[in-house]
Amino acid sequence: MTSEAFAPSVSVAQARELFFAQGRDPAPWIAPHISRSWQRSRPVDPHCIDPTPMAPSLLNERREQAMRLLSCAQPELDGLAEHAVGNGCIVALSDASGLILEEIGSPDFLPKAQRVALQPGVEWSESHRGTNAIGTALAERVALMVLGGEHYLAQNGRLGCAAAPIFSGRGELAGALDISGETARVNHHALGLVRMAAQQVEHRMLLAEASGHVLRFHARPALIGTAREGLMVIEGGRIVAANRVALDLFGRSWEGLLDLDAEEFLGAQWPRMEHRRSLLTLPGGRQIATVMERTGTANSGTGRTGARQVMAASASPVDNDDVVRPLLARAVRVLNEGVPVLVNGETGSGKEVFSRRLHAASRRSAGPFVAVDCASLPETLIEAELFGYEEGAFTGARRKGMPGRIREAHGGVLFLDEIAEIPLALQTRLLRVLEGRVVTPLGGGQGVAVDFDLICATHAGLPALVEAGRFRADLMYRVAGFTIALPALHERADRRALIARLFLESGGAAKHLCLENDALERLAAYRWPGNVRELRSVLRALVALADPGDAVTADALPAHLQDAAPPADFSEATASQPNAPLQTITRHAIDEALRACDHDVARAARRLGVHRSTVYRHLARQRPPAGNTKD
């Protein structure tokens, strides 16, 4: 283990003295990525109080939005967990914003991690927590370590963390994997593990998302079919996605490869590689070993059953009939010109998911996505939350004040969800900020210039609210530069393909399940008053209750979808309700498996088709709390 694994080192201590006490450049004393991150972290109060995790309901929504990431990362989380437990560390998975979605690892270190808010439901972006492995890896877009005093916040000075970003096939950030522990326990070996695990997740995600043709290749034929293979997705004759292995093999960046004509780049012979392993000669004369596969949902069956099945092995999670895709393309063009976008849609129709996709595809994708739920904030707090405040602005204000969500969105996208709920008295002030792009915190102080793009969402009709005198007309015209109307789920022409895709994303692919035609038809025929949010909960419940390799038929659907009694073996009253929370259903499924296996964890895990660590995590959550984890 190198000396950098011990903290605080003399050089880091010197750097902190220069930067925090003297305001001087610490660059000569610390690694360049740490120096850059400290500079970016200047707006963060070095003495800020550790945040509390977001409400479980909000965290569950964010997990649903990142369902594909969670599904594809679960095998790596389970694999890294064994290393983490043996080394007194934890493993964390975050989304692209740095919000920790899942955490598992050493029972000894978990309470210490929670004492510094290193837990699910807390955002570890640089804008919230300063320099740290998760936030800095996302900002720098590379795998890196942050050890001891290299953390921006002094209270994190005993942590050692190694994190690697996870990218989509188009180079967009999807999340990050992190190993954290006491400083001496995190080293280059841990960094190598998370880097390799992130590559595995990317490989799995790209295959899950692919539509069209997937070209697998490598200079060494034996590596085709492994996570070290190059992957390229070709759709409509153009290259639409690739993994980092492919970029390295071709010496290209995503910008230099995506949307190129496949024939010009790969040569006229590439379509002949389908389902056979062969050498492909590129236009420059270079040869690579390749095999090509066609993706897409299964066609109507013609076998003895005659039932169409949505197979986890062959269904495409990105559907060509996706009605949202053209809406997204138009919204990106508008937002990139600085025009605010208003997203209308029923509750649960996916307004925030759409807005996050819009941010990821926009010119501001490298900047933060700052979401403010205007409906969930008390009227007395929304002004401070949006505009920030100076020290002593009001009773209970934090020491050193708070910058506010609008300032946090600088360089990125501000998302105001349910904007119709903003109190009328604050609408004038918001309008001034949107027009002047200068925000003044409560309690006075100098105005701060801000630069961001704006996305708003509402399920209400703003013109009707204007007519009723509950929303300012001038603010409506300012936020509704371009309006997108998301269709309700029952109105979507692509709902069958969407249901098939979400079934795979909800764990159907990981458990090798297939959705039978009778189940798909009943799911498609239902009106879904809760829209996509309700659909995801039902699908995740179906997956949780299915054994690996099962064919999910209409008999497995909840009672309100099949006009029949609930399954006989699902007897608990809370779990048998159609709208039971997914957590309740999942807990019930694990408890049933444990009872059926005489509480043998290994057998129960095999029965459920999950890793043992998932069952251990479930058991740990059932234990009564040992006391407050805060010192």
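Not measured: the values here are computed from a predicted model. (Residues numbered from 1 in each chain as written. Predicted model: local features only at pLDDT ≥ 70, side-chain atom pairs only at ≥ 80, totals over all residues. Heavy atoms only, no water.)

J.: Just give me the short version of the packing of aromatic side chains, but keep the residues and values in it.
T.: For any pair of aromatic rings, the description rests on two quantities: the centre-to-centre distance and the angle between the ring planes. A full pass over the atoms with the stated rule returns 10 aromatic pairs. Here Phe 167 and Trp 254 contribute two aromatic rings whose centre-to-centre distance is 5.4 Å and whose plane-to-plane angle is 45°, an arrangement assigned as tilted. Of this pair, Phe 167 sits in strand β4 (residues 159–167) while Trp 254 is found in helix α10 (residues 254–257), placing the two residues 87 residues apart along the sequence. In textbook terms, an aromatic cluster arises when at least three aromatic residues are bridged by ring pairs, as seen for Phe 19, Phe 20, Trp 38 and Tyr 152. (Phe/Tyr/Trp six-rings, centres within 6.5 Å; stacked < 30°, edge-to-face > 60°. Helix = DSSP H or I, 4+ residues; strand = E, 2+ residues; numbered from the N terminus.)

J.: I'd like to hear about the sheet that holds strand β18 (residues 482–485), residue by residue, with values.
T.: Strand order in the open sheet made by the five strands is β13-β14-β17-β12-β18, with parallel pairing throughout. Single-partner strands in this sheet number two, and they are β13 (369–373) and β18. Taking each pair of neighbouring strands and ignoring which way they run, the sheet shows an average axis angle of 20°. Bridge count for β13 against strand β14 (residues 413–417) is five bridges, and the pairing is parallel. By the bridge assignment for β14, Val 372 is matched with Leu 416. The strands touched by helix α12 (residues 324–335) within the sheet are β12 (341–344), β14, β17 (453–458) and β18, with β18 carrying the most contacts at an inclination of about 160°. (Pairing = 2+ DSSP bridges. Axes fitted to C-alpha atoms, helices over the stretch in contact; angles between N-to-C directions. Contact = heavy atoms within 4.5 Å.)

J.: Let's hear about the confidence of the model for the protein: which residues, and what values?
T.: Model confidence for the protein is summarised by a mean pLDDT of 81, while 83% of its residues fall at 70 or above. For the stretch residues 392–399, pLDDT sits under 50, and the model shows 12 contacts to residues farther than four places along the chain or on other chains. (pLDDT = per-residue confidence, 0-100.)

J.: Go over the side chain of Glu 123, please, and point to the residues and values.
T.: Position of Glu 123 among the secondary structure elements: in the loop between α5 (110–115) and α6 (126–129). Although Glu 123 is buried, it makes no salt bridge; Arg 62 carries the closest opposite charge, 5.1 Å away. Separated by 3.2 Å, the side chains of Glu 123 and His 128 make a polar contact. Not counting the four nearest positions on each side in its chain, Glu 123 is found in contact with Ser 97, Gly 98, Leu 99, His 128 and Arg 129. (Buried < 20%, exposed > 50% of the residue type's maximum accessible area, 1.4 Å probe, protein only. Lys, Arg positive; Asp, Glu negative; His and termini not counted. Salt bridge = Lys/Arg side-chain N within 4 Å of Asp/Glu carboxyl O. Polar contact = N/O pair within 3.5 Å; in protein donor to acceptor, adjacent residues only side chain to side chain.)

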